[in-house]
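Examination of the molecular architecture
Now for the letters of each chain:
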Amino acid sequence: MNLQEKLEYHYLNFDRTKLSPDPLEFPHLFSIDADIELMGFIASVFAYGNVKQINSSLNNILKFIKPSPSEFILDFNKNKAREKLKGIKHRFYSGEDILNLFYLLKIIVKKNGSLKNLFLQYYSEKDSSIKNPLSEFSKEFLSRYEQEAFSPTTGIKFMFPLPEKNSACKRMNLFLRWMVRKDELDFGLWNEIPTNKLIIPVDTHVARICKELKLTSLKNVSWKMAEEITNNLKKFDPLDPVKYDFAICHIGIRKMKF
């Protein structure tokens, strides 16, 4: 098989039956768009580290935000939640970082109605990719955080990366993939944005496989690497290049041969 045939084969093979273990399992627990969107965002924010660690943290959070993540966020009271969520941490997210994430989501959703509404404020059909709206979306959260008279912690900065600082923005691109694309895995709730504007979420697994496949010539994980991989994948599917992400990532995680 040539590379295009292999990519298509793995894309079809890594279907809904291969969903576990992946943070994408968590938004799939819900059926209402508002719940899917917020659970998806929270799941993507925690999607770093090994999968077992990610799912463990998300299962701990799930205990508190069921049955409705959107109601949990809209009703969120940081002082009341502090004791209830005591002990929940994730790598270098402190408990206070996590409380502030939920508090920021409450502010943003109350003001804009949804995360999609905020993102679309910054999106233009003229944009060649989601780079600019992604950056402005992150900045909106950081700005809101600072307006609350907080100095951004390492954890908060990590939650809201910026492509102009050459961050690959893996978790934000992951969330956007889930929201924009539509198939068995991804939800397609943000259908105002074309799938060819997406940028592939690059982590160490995706970077390693893509180097082996010569989809990138760069050594370090960065926004430039993510753009290069995406542009090369457009040779195989110009309209939906990021559809291959789940398969590439899981082949890396499972240490399979591509």
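These lines cover the structure that appears in this document, whether it is placed above or below.

Looking at the packing of helix α7 (residues 115–122) against helix α8 (residues 131–147)
In the contact formed by α7 and α8, the axes pass within 8 Å of each other and the chain directions differ by 125°. The orientation of α7 relative to α8 falls into the category oblique. Crossing of α7 against α8: the hand is right-handed. The segment α7 lies against α8, with L115, L118, F119 and Y122 engaging P133, L134, E136, F137, E140 and F141.

Some points on the environment of D33
Mapped onto the secondary structure, D33 falls in helix α2 (residues 33–45). On the accessibility criterion, D33 (48% relative accessible area) is partly exposed. Along the backbone, D33 and I251 are 218 residues apart, and their C-alpha atoms lie at a distance of 29 Å.

Topic: helix α11 (residues 204–212)
Every buried residue of α11 is accounted for by V206, A207, I209 and C210. Buried residues in α11 make contact with α12 (223–233) and α13 (245–253). Remark: K214 follows α11 within two positions and exhibits a positive phi of approximately 60°.

Topic: the side chain of D240
Checked against the element boundaries, D240 lands in the loop between α12 and α13. The class for D240 is buried, based on a relative accessible area of 13%. Among all residues touching D240, those that are not within four sequence positions of it are R181 and T195.

Remarks on the layout of surface pockets
Of the volumes computed, that of the largest pocket is approximately 490 Å³. Residue lining of the largest pocket: 30 residues in total, with A47, Y48, G49, K170 and D203 positioned closest to the centre. Per-class residue counts for the lining of the largest pocket are 17 nonpolar, six polar and seven charged. Roughly 180 Å³ of volume is contained in the second largest pocket. Lining the second largest pocket we find 14 residues, and of these F72, D75, F76, N77 and K84 sit closest to its centre. Of the residues forming the lining of the second largest pocket, the biggest block, three residues, is contributed by helix α5 (residues 78–84). Looking at the lining of the second largest pocket, its residues break down into seven nonpolar, two polar and five charged.

Some points on the nonpolar core
Within the largest apolar cluster, 87 residues are counted, with the highest numbers of intra-cluster contacts made by F41, F102 and L115. The element that contributes the greatest number of residues to this core is helix α6 (residues 95–112), accounting for eight residues.

Conventions adopted
Within each chain, residue numbers correspond to sequence positions counted from 1 in written order. In keeping with the model being predicted, local features are shown solely for residues with a pLDDT of at least 70 and side-chain atom pairs are shown and tallied solely at 80 or more, while totals for entire chains, interfaces and linings include all residues. Hydrogens and water molecules were not included; the side-chain quantities draw on all heavy atoms of the structure. Lines fitted to C-alpha atoms define the axes, with helix axes restricted to the stretch in contact, and inter-axis angles between N-to-C directions lie between 0 and 180 degrees. Each helix corresponds to a stretch of at least 4 residues labelled H or I by DSSP, and each strand to a stretch of at least 2 residues labelled E; elements are numbered beginning at the N terminus. Any angle that falls under 35 degrees is termed roughly parallel, while one over 145 is termed roughly antiparallel, one within 65 to 115 roughly perpendicular, and all others oblique. Crossings are assigned a handedness: left-handed for a near helix turned anticlockwise from the far helix by less than a right angle, right-handed for a clockwise turn. The criterion used for residue contact is that any of the two residues' heavy atoms lie within 4.5 Å. When accessible area is computed with a 1.4 Å probe and restricted to protein chains, residues below 20% of their type maximum are described as buried, those above 50% as exposed, and intermediate ones as partly exposed. Cavities and pockets are found on a 1 Å grid laid over the protein atoms alone: a cavity is a set of points where a 1.4 Å probe fits but cannot escape, a pocket is an open set with protein on both sides within 12 Å along at least five of seven lines, and a lining residue has an atom within 4 Å of such a point. Grid points are joined across faces, edges and corners, and a volume is the space filled by probe spheres set on the points. Gly falls in the polar group here, along with every residue not listed as nonpolar (Ala, Val, Leu, Ile, Met, Phe, Trp, Tyr, Cys, Pro) or charged (Asp, Glu, Lys, Arg). Only buried residues count toward a nonpolar core. Its members are Ala, Val, Leu, Ile, Met, Phe, Trp, Tyr and Cys residues joined through side-chain atoms within 4.5 Å.

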